[in-house]
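Per-entry structural report
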Amino acid sequence: MITVTINNKVCQAEVDQTILQVATDNGIHIPTLCHMDGIHDSFSCRICVVEVVGARTLIPACAGKVADGMVVNTATESVLSARRNIVNLLLSNGEHNCLSCEKSGECSLQSIAYELGIEAPPFIMESIEKPTVDDSSVMIVRDNRKCILCRRCVTACNDIVCNDVLSLGFRGSDTTVICDNNIDMGASSCVQCGQCVQACPVGALTDKKSIGKARSWEVTKVRTTCPYCGVGCQLNLHMKGDKIVKVTGVEDAYPNKGRLCVKGRYGYDFIYSPERLTSPLIKENGKFREASWDEALDLVANKFKEIIATDGPDAVGGISCARSINEDSYQMQKLFRAAFKSPNIDHCARVCHAPTVAGLIKSFGTGGMTNSIEEFADTNCLFVIGSNMTEAHPIASTFVKNGQRNGAKLIVVDPRKAKLADYADEFAQIKVGSDVAFLNGLMNVLITEDLYDKDFVRDHCDNFEALKEKVLEYPPKRASEISGVSEEQIISIARMLADNKPGMAIYTLGITEHTCGTNNVMSVANLQMLLGNVGKPNAGVNPLRGQNNVQGACDMGALPNVYHGYQSVTDPAAKAKFEKAWNVEGLPDKLGLMIPDMFEKLETKEMKAIYIFGENVVGTEPDISHVIKCLEAAEFVVCNDIFQTETTQYADVVLPAAAWSEDEGTFTNCERRISRVRKVKEAPGIAKPNWWIFREIAKRFGQTWAADSGQELWDNEIAPLAPFFAGATFDKLDQGGIQWPCKTPEDPGTQILHLDGNFTHGKGHLMALDWTPPAEVPDADYPFTLSTGRRLYHYHTRTQTGRCEGLNELLPEEYADISEVDAKRLGIEHGEMILVKSRRGTVKVKAQVSERIPEGLVWMAMHYFENNANWLTTRSGDTITKTPEYKACAVAIEKIQ
Ligand SMILES: Nc1nc2c(c(=O)[nH]1)N[C@H]1C(S)=C(S)[C@@H](COP(=O)(O)OP(=O)(O)OC[C@H]3O[C@@H](n4cnc5c(=O)[nH]c(N)nc54)[C@H](O)[C@@H]3O)O[C@H]1N2
Ligand SMILES: Nc1nc2c(c(=O)[nH]1)N[C@H]1C(S)=C(S)[C@@H](COP(=O)(O)OP(=O)(O)OC[C@H]3O[C@@H](n4cnc5c(=O)[nH]c(N)nc54)[C@H](O)[C@@H]3O)O[C@H]1N2
Ligand code: SF4
Ligand code: SF4
Ligand SMILES: [Mo]
């Protein structure tokens, strides 16, 4: 430690700190325009100049390093005069009209001018070419007349989110911020994440949706968690009354450190949609009519009682929601188990990451992501397999890109040249469904070249010999024949993995949504164990869970095999514990049905009633025609939703629920972080929280449930009844998110699982696994492989993103992506309508000819109903978890003549 005196205050400092850091740490204000915490400085604004006694010139505080005994003055006349000159120049060079500027009240230039007593620019510079306003982007307005060239936006775009759109163009007095090669923002490669807007200290960049909505001093900020993907970004909602007028990322919060993607930042207005459900609805003669809560709830309870009385509790099933809060999912599984005595409760993890939970429990003993998103930026190697990360988990991808730029090797394995491949050191373009063979090939090289971590394997893993024997059957030649990745590349990737440790494996649905999904997951776990990349920082197996609260819905026991906290339903001790806690007898002690089985049993009429809470299964389950047939066969269908959907059309009763931001509770993100979700407005009409709806139904089954809020549910039931969450009280969660396990009040939570190779079930289990092909492979009638997924601007069936201003404009319709080779061969033009046919159905859709797609592959999403990929997909599922093989089926494509 050294001593520095700033404005007569003696300050302790560390060598290597800047004057700005030491001043800030000691509560001494130095104004800046270009500085960004945690990012290298551009030293461009020079507003932060200070006087260092003994120095010949003024020193920028953001660049000047402290030295022992240094004496600094931050507000001498020469300092203030230098700052005045800079501010005068900036003001005179642009057009800063504080009356109409959206930034007024939180503009750094305005604050500094005020601090320096500057009322108006003393002169006006007539620049040769007047800067202009670029209004071409859907979400952002760029007013270059207000740009002060501080470069914060350029840094945000290039160094934080690494989208590489903005740069400084031209020279001297003509210098301006440009998009790509100086084209309009709307036509550029910008992905509308708005990170540049958040970084802009003045009014040069503005969120279009916020214009005219509120003055900065009228808003209050409420911290909450994003309602979309499993990254779980922390947002500040800028509220004017009960209206969200803007959203920004919470700067110092995990996991996103201030970053947001387009959906998190601009996808908030669905909650105000006039199409929200406002009243319970009962179907009569094929039409819905409004009903009171009592009438609707009585009907639901009576119908369920009747069916359970005649057909038994197995004749009813429930699908819970991974979009709403933990407290809701907990309450729904309790309704099924405690009130209906039915074991049949599941949710969309079934169609998503169920293989992750099953596979990682087998390999490691715990089914969660082992490490954390922030570590992506600090590791030495990133092995990304089967993940569309820049579109599906955009903010997680920014940390991967940071890691690559910090020197980590990035390996991307995907059948499509996914966007992340543009940043990769190695891109392996694998054949759909060949991952086990490819991974076995990598492990073959690690073992035959003696590159694996023998100490780790010896001390922390079992079953090595069986694994070795199996992977020796997959030399690079065979692995290459199956996977389409060259032998040389398999060898070089294996060596790269061995040479760059620790390394992190990251995967998503390209791995899980296959008939071999669980095997794929265990193969990734095998690879990481063999490399010794588990149980340490910047390592591990990192599945990015999909929905905002899918981790939570699993944690809360909305699964057919476990109570919340993964306590087995077949364990008599767990049964006894919950019977006592819930004050009931006869909890079901057998495994319940998984979603695909529920549909089968509806079709065969062995199941009579289904309760669908917050899922739009007619649209997201495979083979839509079949789903519709099953729902039509059901005797009674209930839905809780926030909108009418393709699914609610088949309901007998639709119950209107409070949405995100209309109830207090928690979401759990993919890195096991439980974060608070806050209420900022009332639900519309007489819509109610989901947990309330379930409690009212339970009441009609003679059960009195005490908890009367999300907090009471969490503190009085969820935390005390599951050791994983026992130490995470609501008050503690209020201070910031906590990663489970968190077992005691003192426990800060767990960033990394299995530390030091201490696996939950003792040793890590290496599995000897064989490659198996997809259930349906191309043939003469259906010569293409269809693989499906998502696109950046929409979320699943668009019930939410489709009702947010701007997002439909960014992605107005569905496409089928096909390769240039196939397009040419079949004479299909980019943008032309084609037919895509499978054994399940046919859709008419626009062809998008893309160099990112290999020959023989068709790639589609499920965002638009008419040409949703699920008219085509197969119901074949993972042998262990029944997760559908959304990533592979056979199709034909036809030009429409
Ligand atoms: N914008 C947006 N974001 C979302 C969602 C959304 O609807 N929209 N949904 C959320 C949800 S619930 C989830 S689960 C996640 C999903 O996140 P992802 O799984 O990343 O998303 P997908 O688009 O399904 O991409 C799967 C990737 O796997 C690749 N792939 C396909 N087959 C194979 C294969 O056989 N082997 C390998 N190695 N790769 C293969 C595909 O080419 C694609 O790049 O996204 C979440 N985020
Ligand atoms: N072809 C193909 N199909 C797929 C996939 C794929 O990769 N390819 N991926 C699969 C995956 S990974 C997933 S996770 C599923 C997702 O499948 P779903 O969960 O069915 O998809 P969503 O469209 O997100 O449906 C969520 C529903 O919940 C409602 N909702 C939102 N918030 C709330 C709330 O607070 N309360 C209530 N009551 N309702 C609410 C929404 O309006 C919407 O109707 O899709 C699967 N389908
Ligand atoms: S919105 Fe995002 S991608 Fe677009 S220019 Fe700004 S930071 Fe870059
Ligand atoms: S990355 Fe996911 S959690 Fe973060 S802002 Fe985007 S959608 Fe929301
Ligand atoms: Mo998902």
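Residues numbered from 1 in each chain as written. Chains lettered and ligands numbered in written order. Predicted model: local features only at pLDDT ≥ 70, side-chain atom pairs only at ≥ 80, totals over all residues. Heavy atoms only, no water.

**Notes on the overall build of the chain**
- A tally of helices and strands in the chain yields 28 helices and 38 strands.
- Seen along its three principal axes, the alpha-carbon backbone of the chain occupies a region of about 90 × 70 × 65 Å.
- Of all 897 residues assigned to the chain, the portion counted as buried reaches 64%.
- When the accessible surface of the chain is totalled, it reaches about 32,700 Å², and 50% of it is carbon and sulfur.
- Averaging the coordinates of the 93 positive side-chain charges in the chain and doing the same for the 115 negative ones gives two points 1 Å apart. (Helix = DSSP H or I, 4+ residues; strand = E, 2+ residues; numbered from the N terminus. Buried < 20%, exposed > 50% of the residue type's maximum accessible area, 1.4 Å probe, protein only. Areas by Shrake-Rupley, 256 points an atom, 1.4 Å probe, with all protein chains shown as cover. Lys, Arg positive; Asp, Glu negative; His and termini not counted. Charge placed at Lys NZ, Arg CZ, Asp CG, Glu CD.)

**Considering the side chain of Glu776**
- Note that Glu776 resides in the loop between strand E32 (764-765) and strand E33 (784-789).
- A polar atom in the side chain of Glu776 sits 2.7 Å from the backbone nitrogen of Ala890.
- With sequence-adjacent residues up to four places away left out, Glu776 is seen in contact with Arg839, Arg840, Glu885, Cys889 and Ala890. (Polar contact = N/O pair within 3.5 Å; in protein donor to acceptor, adjacent residues only side chain to side chain. Contact = heavy atoms within 4.5 Å.)

**Some remarks on the packing of aromatic side chains**
- One pass over the structure, following the stated rule, counts 26 aromatic pairs.
- With a centroid separation of 5.0 Å and 55 degrees between ring planes, the pair formed by Phe340 and Phe701 is classed as tilted. Here Phe340 is found in the loop between helix H8 (326-339) and strand E17 (345-347), whereas its partner Phe701 is found in the loop between helix H24 (690-699) and helix H25 (710-718), with 361 residues between them in sequence.
- Relative accessible area serves as the criterion here: at 1%, Phe340 is assigned to the buried category.
- Through pairs of rings, three or more aromatic residues link up here, namely Phe304, Phe336, Phe340, Tyr611, Phe613, Phe636, Phe694 and Phe701.
- The ring centre of Trp859 lies 3.9 Å from the NZ or CZ of Arg416, which sits over that ring.
- Seen from the ring of Tyr474, Arg478 lies directly overhead, with NZ or CZ sitting 4.1 Å from the centre. (Phe/Tyr/Trp six-rings, centres within 6.5 Å; stacked < 30°, edge-to-face > 60°. Lys NZ or Arg CZ within 6 Å of the ring centre and 35° of its normal.)

**Re helix H2 (residues 77-93)**
- Between its first and last C-alpha, H2 extends 24 Å over 17 residues, near the 24 Å set by a 1.5 Å rise per residue.
- Taken together, the buried positions of H2 are Val79, Leu80, Ala82, Arg83, Val87, Asn88, Leu90, Leu91 and Ser92.
- Where H2 is buried, its residues touch strand E3 (49-52), strand E5 (71-73) and helix H3 (108-115). (Expected span 1.5 Å × (residues − 1).)

**Side note on the site of ligand 2**
- For ligand 2, the set of nearby residues contains 32 residues, the closest of which are Asn616, Thr620, Asp641, Thr797 and Asn870.
- The side chain of Gln547 places a nitrogen or oxygen atom 3.1 Å from an oxygen atom of ligand 2.
- Burial of ligand 2 by the protein amounts to 98% of the accessible area it has alone, namely 930 Å².
- Residue classes in the shell around ligand 2 are distributed as 11 nonpolar, 15 polar and six charged. (Near = heavy atom within 4 Å. Nonpolar A, V, L, I, M, F, W, Y, C, P; charged D, E, K, R; others polar.)

**Section: the pairing of strand E13 (residues 243-249)**
- Counting buried positions along E13 yields six of seven residues, so the element is predominantly enclosed.
- Sheet analysis places strand E12 (residues 234-240) next to E13, joined by six bridges and oriented antiparallel. Opposite Met239, over in E13, you have Ile244 as the bridge partner.
- Here E12 hands over to E13 after two residues, with Gly241 in that stretch at a positive phi of 60 degrees. (Pairing = 2+ DSSP bridges.)

**Observations concerning unusual backbone geometry**
- Going from Lys501 to Pro502, the amide bond is cis rather than trans, its omega being -5 degrees.
- Relative to the helices and strands, Pro502 is located in the loop between helix H16 (487-499) and strand E22 (503-507).
- Following Trp740, the chain continues into Pro741 via a peptide bond in cis, with omega recorded as 0 degrees.
- Considering the arrangement of structural elements, one finds Pro741 in the loop between strand E31 (738-739) and E32.
- In this structure, Asn463 is a non-glycine residue whose phi angle is positive, near 75 degrees.

**Observations regarding the sheet that holds strand E4 (residues 59-60)**
- The five strands are arranged E2-E1-E5-E3-E4 in an open sheet whose pairing can be described as mixed. If you trace the sheet from one side to the other, it starts and ends with strand E2 (9-13) and E4, each paired once.
- Alignment of E3 against E4, held across two bridges, turns out to be antiparallel. Pairing of Val50 across the sheet is with Ile59, part of E4.
- Contacts between H2 and the sheet are confined to E3 and E5, with E3 contributing the most and set at about 160 degrees to the helix. (Axes fitted to C-alpha atoms, helices over the stretch in contact; angles between N-to-C directions.)

**Comments concerning the environment of Ser480**
- Positionally, Ser480 belongs in helix H15 (residues 476-483).
- Sequence spacing of Ser480 and His765 is 285 residues, and the spatial spacing of their C-alpha atoms is 26 Å.
- When near neighbours in sequence (up to four residues on either side) are disregarded, Ser480 contacts Val485, Ser486, Glu487 and Ile490.

**What to know about the state of the cysteines**
- Tallied over the entire structure, the rule returns zero disulfides.
- Its sulfur unpaired, Cys804 is 10 Å from the next cysteine sulfur, which belongs to Cys226. (Disulfide = S-S within 2.5 Å.)

**What about the domain arrangement of the chain?**
- Annotation of the chain at the domain level lists domain 1 (2-75), domain 2 (124-272), domain 3 (281-351 + 549-661 + 674-723), domain 4 (354-543) and domain 5 (784-895).
- Between the C-alpha centres of domain 1 and domain 4 the distance comes to 45 Å. (Domains from an automatic or database assignment.)

**With respect to the pattern of salt bridges**
- Across all of its chains, the model carries 58 salt bridges by this definition.
- Note that Glu473 and Lys470 form a salt bridge whose closest N and O atoms lie 3.1 Å from each other.
- On the basis of relative accessibility, which here comes to 37%, the residue Glu473 falls in the partly exposed class.
- For Lys470, a relative accessible area of 16% puts it in the buried group.
- The salt bridge partner of Glu603 is Lys629, with a shortest N-O separation of 3.3 Å. A residue pair is termed long-range when its members are at least 10 positions apart, and Glu603 in helix H21 (residues 595-603) and Lys629 in helix H23 (residues 624-633) qualify at 26 residues.
- Classification of Glu603 as partly exposed rests on a relative accessible area of 28%.
- For Lys629, a relative accessible area of 48% puts it in the partly exposed group.
- Linked through salt bridges whose partners overlap, the residues forming this network are Asp294, Asp298, Arg695, Glu696, Lys699, Arg700 and Asp708. (Salt bridge = Lys/Arg side-chain N within 4 Å of Asp/Glu carboxyl O.)

**Considerations on the UniProt feature "domain: 4Fe-4S His(Cys)3-ligated-type" (unreviewed entry) in the chain**
- The sites that carry the UniProt feature "domain: 4Fe-4S His(Cys)3-ligated-type" (unreviewed entry) are, in the present numbering, residues 78-117.
- Secondary structure across residues 78-117 comprises 60% helix and 0% strand; the distance between its end C-alpha atoms is 15 Å. (UniProt positions renumbered as here; feature names shortened; annotations may be inferred.)

**Regarding the packing of H21 against H23**
- In contact at an axis separation of 7 Å, H21 and H23 are set at 55 degrees when each is read in the N-to-C sense. Judged by the inter-axis angle, H21 sits oblique to H23. The element H21 and its partner H23 pack so that their crossing is left-handed. Contact with H21, carried on its side by Phe599, Glu600, Leu602 and Glu603, involves His626, Val627, Lys629, Cys630, Leu631 and Ala633 of H23 and no other residues of that element.
- Partitioning the contact of H21 with H23 into residue classes produces six nonpolar, one polar and three charged. (Parallel < 35°, antiparallel > 145°, perpendicular 65-115°, else oblique. Left-handed = near helix turned anticlockwise from the far one by under 90°.)

**Focus: the UniProt feature "domain: 4Fe-4S Mo/W bis-MGD-type" (unreviewed entry) in the chain**
- Within this numbering scheme, the UniProt entry marks residues 219-275 as carrying the feature "domain: 4Fe-4S Mo/W bis-MGD-type" (unreviewed entry).
- In the segment residues 219-275, helix accounts for 9% and strand for 35%; the C-alpha atoms at its two ends are 26 Å apart.

**A word on the site of ligand 3**
- The environment of ligand 3 is formed by 13 residues, the closest being Cys157, Cys190, Cys193, Gly194 and Cys196.
- Across the shell around ligand 3, the residue classes break down as nine nonpolar, four polar and no charged.

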